Amino acid sequence: MSTPHRTFDRALLRDAAAIAAAMIAVGGSFGAIAIAYELPVWVPFAMSTLVFAGGAQFLAAGLLAAGNPIAAVFAGLLLNARHFPFGLAVAETIGPRLRDRLVASHLMTDETVAFTLREQDPVRRRRTYWTIGLTLFTSWNVGTALGVLLGGAVSDTDSLGLDAAFPAGLLALILPSLRDRATRAVALTGALLAVALTPVLPAGLPVLCALLGLLVLVIPSLRRRES
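Residues numbered from 1 in each chain as written. Predicted model: local features only at pLDDT ≥ 70, side-chain atom pairs only at ≥ 80, totals over all residues. Heavy atoms only, no water.

Trainee: Can you walk me through the overall build of the protein chain in this structure?
Mentor: For the protein chain, the helix and strand inventory stands at 12 helices and 0 strands. From first element to last, N terminus to C terminus, the protein chain shows the α and β order α-α-α-α-α-α-α-α-α-α-α-α. Across the 227 residues of the protein chain, 35% fall into the buried class. Sequence-distant contacts in the protein chain: of pairs separated by 6 or more residues, those separated by 24 or more amount to 69%. (Helix = DSSP H or I, 4+ residues; strand = E, 2+ residues; numbered from the N terminus. Buried < 20%, exposed > 50% of the residue type's maximum accessible area, 1.4 Å probe, protein only. Contact = heavy atoms within 4.5 Å.)

What follows is the structure, encoded as structure tokens:
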């Protein structure tokens, strides 16, 4: 008979393997695109190891290829500004040790935070964060290496649909949380705001504006206090 602990471990490893497969595909796409942009071979490796920023790396690679490194830096900072509230959300899970916080902040991704916050037990949360974080970091870099090595063989990476693996994986993570009515309201409001603002705002800002979906929870609370 399986204990809850063993069942959790098996489920966690299964989820980690599934998301790792997606990250290898997306990382491979990034590596191939970097080579297609004729960037030096060391650039995608350095970005995936030292930056590890997912979608921001795609944007930065394009801006670097266009000869605008300063814009690449600012675009990366803008796209990853969401990590500030992420850090606040998982700070207690990481713990107070400076070493742990430095390493954990580097491993922080949308998927890692989503998996972690899905768990209610503090011990499970911590184990989930480190398992998913290390798995994604490793698989992303493996994918980048494969993409760099095979980049010359695929001229049009968009035709493979690899860019869809990243958002599809994240959507799969948040679906269980949407069972809660309040969460659904926040997610739907944020999604609608992001979609509506995408044509009129620079890349990255619509995602940040999606945080305004939280007002769905804040405004009713303020009204109750006033009444």
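Trainee: Teacher, can you tell me more about the nonpolar core here?
Mentor: Grouped burial of nonpolar side chains is what soluble globular proteins tend to show. One finds Met23, Phe30, Leu39, Met47, Ile132, Leu136 and Trp140 to be the most contacted residues of the largest nonpolar core, which totals 19 residues. Mapped by element, the contributors of at least two residues to this core are α1 (4-36), α2 (42-51), α3 (55-65) and α8 (122-150). The dominant element in this core, judged by the number of residues it contributes, is α1, at 8 residues. Grouped together as the second largest cluster of nonpolar side chains are 8 residues, Val90, Ala104, Leu107 and Met108 included. (Core = buried A, V, L, I, M, F, W, Y, C linked by side-chain atoms within 4.5 Å.)

Trainee: What's the story with the packing of aromatic side chains in this structure? I'm lost.
Mentor: Ring pairs (aromatic) are described by centroid distance and by the angle formed between their planes. Scanning all chains against the criterion turns up 5 aromatic pairs. Arranged with centres 5.6 Å apart and planes meeting at 75°, the rings of phenylalanine 30 and phenylalanine 58 form a pair that is edge-to-face. With phenylalanine 30 in helix α1 and phenylalanine 58 in helix α3, the pair connects residues that are 28 residues apart, well separated along the chain. Residue phenylalanine 30 is classed as buried on the basis of its relative accessible area of 1%. Plain terms: the ring middles of phenylalanine 52 and phenylalanine 137 are 5.1 Å apart, the flat faces sit at 85° to each other, and that makes the pair edge-to-face. Here phenylalanine 52, found in the loop between α2 and α3, pairs with phenylalanine 137, found in helix α8; they are 85 residues apart in sequence, far enough to count as distant. The exposure class assigned to phenylalanine 52 is buried, which follows from its relative accessible area of 6%. Feature note: the residues Phe30, Phe58 and Trp140 constitute an aromatic cluster, connected by ring pairs. (Phe/Tyr/Trp six-rings, centres within 6.5 Å; stacked < 30°, edge-to-face > 60°.)

Trainee: Quick question: what am I supposed to make of helix α5 (residues 83-94) here?
Mentor: Owing to its 3.6 residues per turn, the α-helix aligns residues three or four sequence positions apart on the same side. Under the 1.5 Å per step criterion, the end-to-end length of α5 is only 14 Å for 12 residues, more than 12% shorter than the ideal 16 Å. Within the sequence span of α5, burial applies to His83, Val90, Thr93 and Ile94. Burial along α5 is one-sided: seen end-on, the buried residues are contained in an arc of 75°. Residues of α5 that are exposed and point more than 90 degrees away from the buried face comprise Phe84, Leu88 and Glu92. Contact partners of the buried residues in α5: α6 (98-107), α7 (110-118) and α8. Remark: glycine 95 follows α5 within two positions and exhibits a positive phi of approximately 100°. (Expected span 1.5 Å × (residues − 1). Arc of directions from axis to C-beta.)

Trainee: What should I look at first to understand the side chain of threonine 93 in this one?
Mentor: Tracing the backbone through its elements, the reader meets threonine 93 in helix α5. Exposure remark for threonine 93: the relative accessible area of 11% places this residue in the buried category. Once residues within four sequence positions are removed from consideration, threonine 93 is found in contact with Thr116, Arg125 and Arg126.

Trainee: Please explain unusual backbone geometry as it appears in this structure.
Mentor: For glutamate 38, which is not a glycine, the phi torsion comes out positive at approximately 65°. Its location among the elements puts glutamate 38 in the loop between α1 and α2. By relative accessible area, glutamate 38 is classed as exposed at 70%.

Trainee: Explain the packing of α2 against α3 here, please?
Mentor: Describing two packed helices takes the angle between their axes plus the distance from one axis to the other. The contact between α2 and α3 brings their axes to 11 Å, and the two run at 145°. For the pair α2 and α3, the crossing hand works out as right-handed. Contacts between α2 and α3 pair Val43, Met47, Ser48 and Val51 from the former with Gln57, Ala60, Ala61 and Leu64 from the latter. Each residue belonging to the contact of α2 with α3 can be placed in one class, and the counts come to 6 nonpolar, 2 polar and no charged. (Axes fitted to C-alpha atoms, helices over the stretch in contact; angles between N-to-C directions. Left-handed = near helix turned anticlockwise from the far one by under 90°. Nonpolar A, V, L, I, M, F, W, Y, C, P; charged D, E, K, R; others polar.)

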